[in-house]
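The chain contents come next:
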Number of protein chains: 2
Amino acid sequence: MSEFDLIRRSQEVICAPGARYRAQCVLGIGDDGAVLELPPERQVVVCTDTLVEGVHFPLDTGPAAVGHKALAVNLSDLAAMGAEPAWFFLALTLPAAAPAWLEPFAQGMARLASAASIWLAGGDVAAGPLNVCITALGLVDKGRALTRSGARPGDLVAISGRPGAAAHALALLQAGRVPDARELAALEFPQPRLELGLALRGLATACIDLSDGLLADLGHILEASGAGAELELGRLPCAESLAGLPEPERWRLQLAGGDDYELCFTLPAARAGELDALQRRCGLELTVIGRITAQAGLTLRAPDGSPYRAERAGFDHFGGYRGEGSPAAS
Amino acid sequence: MSEFDLIRRSQEVICAPGARYRAQCVLGIGDDGAVLELPPERQVVVCTDTLVEGVHFPLDTGPAAVGHKALAVNLSDLAAMGAEPAWFFLALTLPAAAPAWLEPFAQGMARLASAASIWLAGGDVAAGPLNVCITALGLVDKGRALTRSGARPGDLVAISGRPGAAAHALALLQAGRVPDARELAALEFPQPRLELGLALRGLATACIDLSDGLLADLGHILEASGAGAELELGRLPCAESLAGLPEPERWRLQLAGGDDYELCFTLPAARAGELDALQRRCGLELTVIGRITAQAGLTLRAPDGSPYRAERAGFDHFGGYRGEGSPAAS
């Protein structure tokens with residue numbers, strides 16, 4: 001299979017028939033670039049994220065999971081911005097053009113592309129160590145994108161879902177054990193919270209996705225907003241698979257695990273009552289876990305009210321796991 | 001240096017102060033995505049291209065050249081579409097956050113970004129084998145993008161510059177020899193033909209950049225346009241460094257070498273007279289090397305008029321160099 005056959009074949013599999021912005025892709029795959037026609041009165045949100053074999057997923061991860069996850073992490077960024085998915089570009093570096101790997105990879109990506117109604121508009125294929133780089137474009141009404149910088153003292157901090165399941169599945173795999181199917185799905189087939197992101201426009205004051213771990217990601221909100229936060233560990237919703245773990249171990253996974261692709265957002269305390277309707281509408285659990293403070297830094301409180309010090313803040317590609325202390329203070 | 005320091009530092013170095021579309025980057029680096037505001041009545045051209053160490057550049061290539069070339073190959077695609085550079089996104093995978101490598105890499109990229117007036121609007125950094133993936137966004141007036149599909153029988157085929165110098169420099173390096181400075185610059189610091197691309201709007205009927213070699217790239221135009229072509233080898237402009245080579249060796253480099261990032265375009269024969277003014281305006285040599293034919297396939301003619309059969313058509317990442325025969329017929 002040549003480079004050109006490979007691009008054509010991926011295009012056939014991945015181009016989702018139901019994608020909304022197909023018609024606005026004036027010129028798609030097959031030229032030096034794609035030409036896109038943008039709706040007036042909209043802004044474009046662009047996210048780019050790469051998955052590297054052995055770094056973002058274990059070496060023996062199935063190709064369908066790699067295809068799904070590479071797109072999911074980018075859609076999760078669009079969700080965190082409150083953007084509607086429109087088009088994506090796939091730059092794929094892989095050791096060999098093996099159809100037995102490529103076909104399920106493309107199908108894993110195609111299923112999610114179809115569900116998210118996003119259109120593959122271009123790409124690039126090269127030989128080399130496995131690396132999947134996706135750039136996703138989404139649309140928002142002018143000035144309505146969710147950002148990290150709007151959290152204000154008194155705002156509540158909320159999250160979707162139950163953090164830590166993906167990190168727990170990874171820890172089991174690394175220890176040579178087998179996670180159950182639901183845990184493994186949390187790690188390999190994360191679901192981007194697109195509907196929630198769209199619904200949070202006009203409600204959330206700041207939003208981010210939980211890719212690097214709750215402490216690191218909330219730390220980004222605090223840094224961008226020039227604020228601090230207090231979290232109550234007793235409020236952290238606990239995934240079933242974590243229920244049997246000792247608290248410090250469970251909190252470590254929930255606070256620093258990452259790879260969950262749930263959303264963490266802040267909202268005015270006066271509007272907390274809207275969360276119930278929102279969670280029913282999106283079919284997601286939404287939980288208030290703390291509050292934004294005027295004083296910088298992130299304080300954790302154990303269920304007995306005493307301050308709690310986290311072991312590590314989150315994943316850093318070149319620092320490994322970051323050390324003790326609050327990420328907002330770093 | 002952490003992942004976050006690294007992103008911040010690259011941003012400081014690479015964000016070109018003169019970039020035209022800086023103000024339309026409503027939200028830049030530092031959130032889950034960038035937010036871009038597009039001028040009305042324009043379309044967006046999106047190109048994505050990856051450089052892999054050992055595949056797109058030799059292992060010991062200097063970091064400034066890697067930074068330059070990764071952006072250049074994408075700008076060259078924008079040039080081939082007749083698009084004005086606006087924003088780019090850098091997804092960088094690298095083995096270690098070594099400032100001694102990263103600083104000149106960022107500077108090499110920054111110099112070209114500044115010259116092309118393109119704004120770094122976002123990115124991603126990960127640990128892994130060196131891989132530089134860039135997605136570049138450009139703008140064109142509605143319906144004015146150059147494509148590969150407009151070549152018509154009777155049109156002339158023209159190229160900018162003198163193909164083969166980059167391939168010759170690479171061949172010397174691979175043979176353990178040292179190319180002279182100008183040859184090496186052709187390989188390591190190719191100049192995207194942005195001004196020419198813009199000037200060709202309304203004149204060229206089809207356009208592509210010479211990244212995979214003249215035969216392969218012209219083959220793409222022929223395939224997209226449903227036409228054939230006849231090229232006269234005697235008209236191929238010969239770079240100084242190739243002048244001493246036997247003709248078959250020289251033609252091989254000129255026809256299948258690639259990596260030149262010059263433009264190959266077609267234009268109505270009646271407008272050939274405009275090429276002189278165009279080459280003066282762009283400071284580039286433009287040469288008519290053949291003609292589009294109604295009959296499919298690519299015919300090469302030696303200077304004595306006899307048909308010439310090329311050894312290989314161009315580079316294919318998974319097929320290696322493609323075999324004999326016309327790429328248009330494949």
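Residues numbered from 1 in each chain as written. Chains lettered and ligands numbered in written order. Predicted model: local features only at pLDDT ≥ 70, side-chain atom pairs only at ≥ 80, totals over all residues. Heavy atoms only, no water.

Engineer: Quick rundown of the pattern of salt bridges? Include the residues and the values.
Structural biologist: For the structure on display, the rule yields 28 salt bridges over all chains. For Glu-274 of chain A, the salt bridge goes to Arg-271 of chain A, with nearest N and O atoms at 2.7 Å. Relative accessible area serves as the criterion here: at 35%, Glu-274 of chain A is assigned to the partly exposed category. Its salt-bridge partner being Arg-42 of chain B, residue Asp-141 of chain B comes within 2.7 Å of it at the nearest N-O pair. Of this pair, Asp-141 of chain B sits in strand S6 (residues 131–141) while Arg-42 of chain B sits in strand S3 (residues 42–52), placing them 99 residues apart in sequence. Its relative accessible area of 34% is what places Asp-141 of chain B among the partly exposed residues. For Arg-42 of chain B, a relative accessible area of 16% corresponds to the buried category. (Salt bridge = Lys/Arg side-chain N within 4 Å of Asp/Glu carboxyl O. Buried < 20%, exposed > 50% of the residue type's maximum accessible area, 1.4 Å probe, protein only. Helix = DSSP H or I, 4+ residues; strand = E, 2+ residues; numbered from the N terminus.)

Engineer: I'd like a rundown of the sheet that holds strand S11 (residues 286–293) of chain B, residues and numbers included.
Structural biologist: Residues and elements named next belong to chain B. In space, the seven strands of this open sheet follow the order S8-S10-S7-S11-S9-S12-S13, with mixed pairing throughout. Of all the strands in the sheet, just strand S8 (206–209) and strand S13 (307–308) have a single pairing partner and so form its edges. Note that strand S12 (residues 297–301) and S13 share two bridges and pair antiparallel. Within the sheet, the bridge partner assigned to Arg-301 lies in S13 and is Pro-307. Sheet strands in contact with helix H2 (residues 63–80) are S8 and strand S10 (263–267), and its direction is about 175 degrees off that of S8. (Pairing = 2+ DSSP bridges. Contact = heavy atoms within 4.5 Å. Axes fitted to C-alpha atoms, helices over the stretch in contact; angles between N-to-C directions.)

Engineer: Account for the packing of helix H2 (residues 63–80) of chain A against helix H3 (residues 99–116) of chain A, naming residues and giving values.
Structural biologist: Residues and elements named next belong to chain A. Running from N to C, H2 and H3 point in directions that differ by 35 degrees, and their axes come no closer than 6 Å. Classified by chirality, the crossing of H3 by H2 is right-handed. Along its contact with H2, which presents Pro-63, Ala-64, Val-66, Gly-67, His-68, Ala-70, Leu-71, Ala-72 and Leu-75, the element H3 presents Trp-101, Pro-104, Phe-105, Gly-108, Met-109, Arg-111, Leu-112, Ala-113 and Ala-116. A per-class count over the contact of H2 with H3 returns 14 nonpolar, three polar and one charged. (Left-handed = near helix turned anticlockwise from the far one by under 90°. Nonpolar A, V, L, I, M, F, W, Y, C, P; charged D, E, K, R; others polar.)

Engineer: How would you summarise helix H3 (residues 99–116) of chain B if you had to cite specific residues and measurements?
Structural biologist: The periodicity of an α-helix, 3.6 residues per turn, causes residues three or four places apart in sequence to face the same way. Residues and elements named next belong to chain B. Compared with the 26 Å implied by 1.5 Å per residue over 18 residues, the 25 Å span of H3 between its first and last C-alpha is a close match. Every buried residue belonging to H3 is among Leu-102, Phe-105, Ala-106, Gly-108, Met-109, Ala-110, Leu-112, Ala-113 and Ala-116, and all of these are buried. Following H3 by one or two positions, Ser-117 has its phi on the positive side, about 55 degrees. (Expected span 1.5 Å × (residues − 1).)

Engineer: Residue-level account of the relation of the copies chain B and chain A, with values.
Structural biologist: Between the two copies, chain B and chain A, the superposition gives an RMSD of 0.0 Å; the rotation angle is 180 degrees and the shift along the axis is 0.0 Å. What the superposition gives is, in effect, a two-fold axis relating one chain to the other. Here 100% of the interface residues in chain B have copies in chain A that are interface residues too; the copies meet face to matching face. (Least-squares fit on C-alpha atoms with pLDDT ≥ 70 in both.)

So, to be careful, I would describe these as geometric facts and stop short of saying anything about function.
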